Amino acid sequence: MKQGTTLFLLMFFVPWMLHAQEAPQTISLQQAVEFAIKHNKELQSSQMNIDLYRQKVRESVSQGLPQVNGTVTYSTNFNYKMDFGGQAIKMKDQSNLTVGLQQLLFSGQWILGMQTSKIAVRLTEQEVETTELDIVENIYNSYYTVLVSERMLDILRQNLENMNEIYKHTDNMYKAGTVEVTDVDQIRINVGQLKNSLLSMERTVAVNYNLLRLQLGLEAGTPIKLTDALNVFLENDKSARLYVEKFDINNLSYQLITTQTELNKKMLGLEKWSYAPTISGNYNFNYKILKPALDMSPKHTAGLTMNIPIFSGLQRDSKVKQAKITLEQSYMQKSLLQDQLNVQDEQLKFNLKNAMENYNLQKENIDVATRVLKNYQRKYELGAVSSLDLTQANNNYLQAETNYTEAILSLLQAQVSLEKLYNQLPR
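Starting from 1, residues in each chain are numbered consecutively following that chain's sequence as written. Since the coordinates come from a predicted model, pLDDT governs what is reported: local features require at least 70, and pairs of side-chain atoms require 80 or more to be given and counted, while whole-chain, interface and lining totals use all residues. Here the side-chain values reflect all heavy atoms present in the structure, with hydrogen atoms and water set aside.

> What exactly am I supposed to notice about the overall build of the protein chain here?
A tally of regular secondary structure across the protein chain gives nine helices and eight strands. The C-alpha atoms of the protein chain give a radius of gyration of 39 Å, which is well past the 22 Å a tight globule of 427 residues would have. For the protein chain, the spread of C-alpha atoms along the three principal axes comes to 145 × 80 × 35 Å. Pairs at least 24 residues apart make up 82% of the contacts formed inside the protein chain by residues separated by at least 6 positions. Carbon and sulfur atoms provide 56% of the accessible area of the protein chain, an area that totals close to 26300 Å². Taken as two groups, the 43 positive and 44 negative side-chain charges of the protein chain have centres that lie 11 Å from each other. The helix count covers DSSP runs of H or I at least four residues long, the strand count covers runs of E at least two residues long, and both are numbered beginning at the N terminus. For the radius of gyration, the atom set is restricted to C-alpha positions; the globular benchmark scales as 2.2 Å times the number of residues to the power 0.38. The criterion used for residue contact is that any of the two residues' heavy atoms lie within 4.5 Å. In these tables, accessible area is a Shrake-Rupley quantity obtained with a 1.4 Å probe, and a residue counts as shielded only by the protein chains included in the view. In summary, the charge assignment counts Lys and Arg as positive and Asp and Glu as negative, without counting His or the chain termini. In plain terms, the charge of a residue is placed at NZ if it is Lys, CZ if Arg, CG if Asp and CD if Glu.

Here is the structure:
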């Protein structure tokens, strides 16, 4: 009985102890990016397309390589006898082994198809790069979002502790008869609101961590701890540098549509080559396993075949015209994208400029709101202001902190957007 109890306790406590001793995974922003590139499920699925299209290239190449096929046949006439003027000849069973070799000698469509397949692989690689860039952008924004939400959580905790001290002080003053009960109630209401805000922010932080885990490719509940401090990303001149940098149109989006245009051009050529003849050669070796009485077929045969397209009911003409329209659309889309990227560059720089100015303004407001709150706290302790005045000053301070936190996130996200446009996000 004693051994059974001990075993039960070990089964209960050992998993708990192992979980308690599990250290959280510390991760910097750069480590998060590198980890996501290796483990993000969306990116892994996208990378498989590269191998898929490389196999399609091999398939295209194989169509122009020698094709060897073997055939074994057997036929019987069930001992049938042919009558030749009173003389019966028994027909023997027959069995043949045939080996055939076919070789494509000329096909414009095959040659151009190989080139098209290779361009398709390059296009797929660029699409994977685009997916990777989107994931890196998401990691940056999620990392920043977690940091700013944790900052706001710390501020709420500190403010709640401060208001709890003021509440205790106010309650003691009420008991001493120096303030009214409405002052105590006012501070109590403010403390309750702060507790609700704190709980809400804790849930927000948890949600932001879960989003980051999802983008990293981690399982739900995996403990992680961010090692980079928020001020590390603010104490640099990145915003000023990005704002004056000249935009190079040849970013990933432009490269992608350029490759797509090149692919469509090859597709047009592919359809035009459908009018050209194709030439192929063949060789066959025929070995008689069971021979008939009279066998005149040769063992070796070879030949050439030219397939000449003559008339296809205007199908080829329609396909060529479709390919021309698709190519013209590509040129239009490429020109449109160039205009859009230039407009996007101006818009993102405009957003960055606004974010920089708002950040500096909210940073000054924080200093003002902090001084005002401390001043009101001293006056409240001296009885020079009411609890309502103190509560209002505290709410103004929290609003200033919220505005400043949002300004930080807006500034960092504006930087990320421009870095993505300029292909400067570290990967």
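Let us keep going from here.
> Mind showing me how you'd approach the pairing of strand 5 (residues 94-106) here?
Moving residue by residue along a regular strand, the side chains alternate between the two faces of the sheet. Direction of pairing for strand 2 (residues 67-75) relative to strand 5: antiparallel, over a ladder of nine bridges. Paired with threonine 73 across the strands is asparagine 96, a residue of strand 5. Taken together, the 11 bridges between strand 5 and strand 7 (residues 278-290) define a ladder with antiparallel strand orientation. Pairing of glutamine 103 across the sheet is with glycine 281, part of strand 7. Note on pairing: DSSP must find at least two bridges between two strands before they are called paired.

> Hey, could you run me through the sheet that holds strand 2 in this one?
Pairing between the strands of a sheet is mediated by backbone hydrogen bonds and can be parallel or antiparallel. Pairing in this open sheet of four strands is antiparallel, and the strands run 2-5-7-8 from one edge to the other. Every other strand in the sheet has two partners, leaving strand 2 and strand 8 (300-307) as the edge strands with one partner each. Along the sheet, successive strands turn relative to each other by an average axial angle of 20°, direction set aside. Two elements, strand 7 and strand 8, share eight bridges in a ladder whose sense is antiparallel. Looking across to strand 8, one finds that phenylalanine 285 is bridged to histidine 300. Working convention: axes come from line fits to C-alpha atoms, limited for helices to the stretch in contact. Angles between N-to-C directions cover 0 to 180 degrees.

> Before we go on, may I ask you to explain the side chain of threonine 131 in this structure?
In this fold, threonine 131 is placed in helix 4 (residues 108-175). Once residues within four sequence positions are removed from consideration, threonine 131 is found in contact with Glu42, Leu43 and Ser46.

> I tried to follow helix 7 (residues 252-272) on my own but got confused; where do I start?
An α-helical turn contains 3.6 residues, so any two residues separated by three or four positions project in the same direction. With 21 residues, helix 7 should reach 30 Å at 1.5 Å per residue; the first-to-last C-alpha distance of 31 Å fits that figure. Classification of residues uses two cut-offs on accessible area relative to the type maximum, computed with a 1.4 Å probe and protein chains only: under 20% is buried, over 50% is exposed, and between them is partly exposed. The set of residues buried in helix 7 consists of Leu252, Tyr254, Ile257, Thr259, Thr261, Leu263, Asn264, Leu268, Gly269, Leu270 and Glu271. Packed against the buried residues of helix 7 are helix 4 and helix 8 (315-382). In this analysis, the expected span of each helix is defined as 1.5 Å times one less than the number of residues it contains.

> What exactly am I supposed to notice about the packing of aromatic side chains here?
Two descriptors summarise a pair of aromatic rings, namely the distance from one centre to the other and the angle between the planes of the rings. Centres within 6.5 Å are what make two rings of Phe, Tyr or Trp a pair, Trp counting through its six-membered ring; a difference in plane orientation under 30 degrees is then read as stacked, over 60 as edge-to-face, and the rest as tilted. If you walk through the whole model with that rule in mind, you get six aromatic pairs. Between phenylalanine 106 and tryptophan 273, the ring centres sit 5.9 Å apart and the planes meet at 70°, which makes this aromatic pair edge-to-face. One end of the pair, phenylalanine 106, is in strand 5; the other, tryptophan 273, is in the loop between helix 7 and strand 7, and 167 residues separate them in sequence. Classification of phenylalanine 106 by relative accessible area gives partly exposed; the value is 32%. Chaining the aromatic ring pairs together yields one cluster made of Tyr140, Tyr143, Tyr144 and Phe233. Over the aromatic face of tyrosine 275 sits the side chain of arginine 316, whose NZ or CZ is 5.5 Å from the ring centroid. Sitting over a ring, as applied to charges here, requires NZ of Lys or CZ of Arg to be within 6 Å of the ring centre and within 35 degrees of the ring normal. The cationic tip of lysine 353 hangs over the ring face of tyrosine 243; the distance from NZ or CZ to the ring centre is 5.3 Å.

> Which parts of the structure should I look at to understand the environment of leucine 65?
Mapped onto the fold, leucine 65 is located in the loop between helix 3 (41-62) and strand 2. On the basis of relative accessibility, which here comes to 44%, the residue leucine 65 falls in the partly exposed class. With residues near it in sequence (within four places) discarded, leucine 65 still touches Gln102 and Gln103.

> Looking at this model, I keep getting lost on the nonpolar core. Mind explaining?
Grouping buried Ala, Val, Leu, Ile, Met, Phe, Trp, Tyr and Cys residues that are joined through side-chain atoms within 4.5 Å yields what is termed a nonpolar core. The biggest cluster of nonpolar side chains holds 76 residues, and the ones touching the most others in it are Ile139 and Leu216. Of all the elements in the fold, those that place two or more residues in this core are helix 2 (29-39), helix 3, helix 4, helix 5 (181-216), strand 6 (224-226), helix 7, helix 8 and helix 9 (387-421). Looking at this core element by element, the count peaks at 18 residues for helix 4.

> Hey, could you run me through the packing of helix 3 against helix 4 in this one?
Axes are the key here: two packed helices are described by the angle between their axes and the distance separating the axes. Interhelical geometry of helix 3 versus helix 4 gives an angle of 175° and a closest axis separation of 9 Å. In terms of orientation, helix 3 lies roughly antiparallel with respect to helix 4. The class makeup of the residues in the contact of helix 3 with helix 4 is 11 nonpolar, seven polar and six charged. Should an angle fall under 35 degrees it is called roughly parallel, over 145 degrees roughly antiparallel, and 65 to 115 degrees roughly perpendicular, with every other angle called oblique. Residue type decides the class: Asp, Glu, Lys and Arg count as charged, Ala, Val, Leu, Ile, Met, Phe, Trp, Tyr, Cys and Pro as nonpolar, and the leftover types, Gly among them, as polar.

> Quick question: what am I supposed to make of the side chain of threonine 170 here?
Within the secondary structure, threonine 170 sits in helix 4. What threonine 170 contacts, discounting residues up to four positions off in sequence, is Val179, Asp183, Val184, Ile187 and Tyr380.

> Would you take a moment to explain the pattern of salt bridges for this structure?
By definition here, a salt bridge exists when the distance from a side-chain nitrogen of Lys or Arg to a carboxyl oxygen of Asp or Glu is within 4 Å. Summed over all chains, the structure comprises 13 salt bridges. With a closest N to O distance of 3.2 Å, arginine 122 and glutamate 262 form a salt bridge. Separated by 140 residues along the polypeptide, arginine 122 in helix 4 and glutamate 262 in helix 7 bring together distant segments of the chain. Residue class for arginine 122 comes out partly exposed when judged on its relative accessible area of 32%. Each of Asp51, Arg54 and Glu125 takes part in a single network of salt bridges with overlapping partners.

> I'm lost on helix 8 in this one. Help?
The terminal C-alpha atoms of helix 8 lie 94 Å apart, and with 68 residues this matches the ideal 100 Å at 1.5 Å per residue to within 8%. Just beyond helix 8, the residue with positive phi is glycine 383, at close to 80°.

> Sorry if this is basic, but what is going on with a nonpolar patch on the surface here?
Residues Val72, Tyr74, Tyr287, Ile289 and Leu290 make up a contiguous nonpolar surface patch of about 510 Å² in total accessible area. Mapped by element, the contributors of at least two residues to the nonpolar patch are strand 2 and strand 7. The element that contributes the greatest number of residues to the nonpolar patch is strand 7, accounting for three residues. Structurally, the position occupied by tyrosine 74 is in strand 2. Tyrosine 74 sits in the exposed class, given a relative accessible area of 52%. A patch consists of residues whose relative accessible area exceeds 30% and which take part in no salt bridge; residues with like charges are grouped when within 9 Å of each other, and nonpolar side chains (Val, Leu, Ile, Met, Phe, Trp, Tyr) when within 5 Å.

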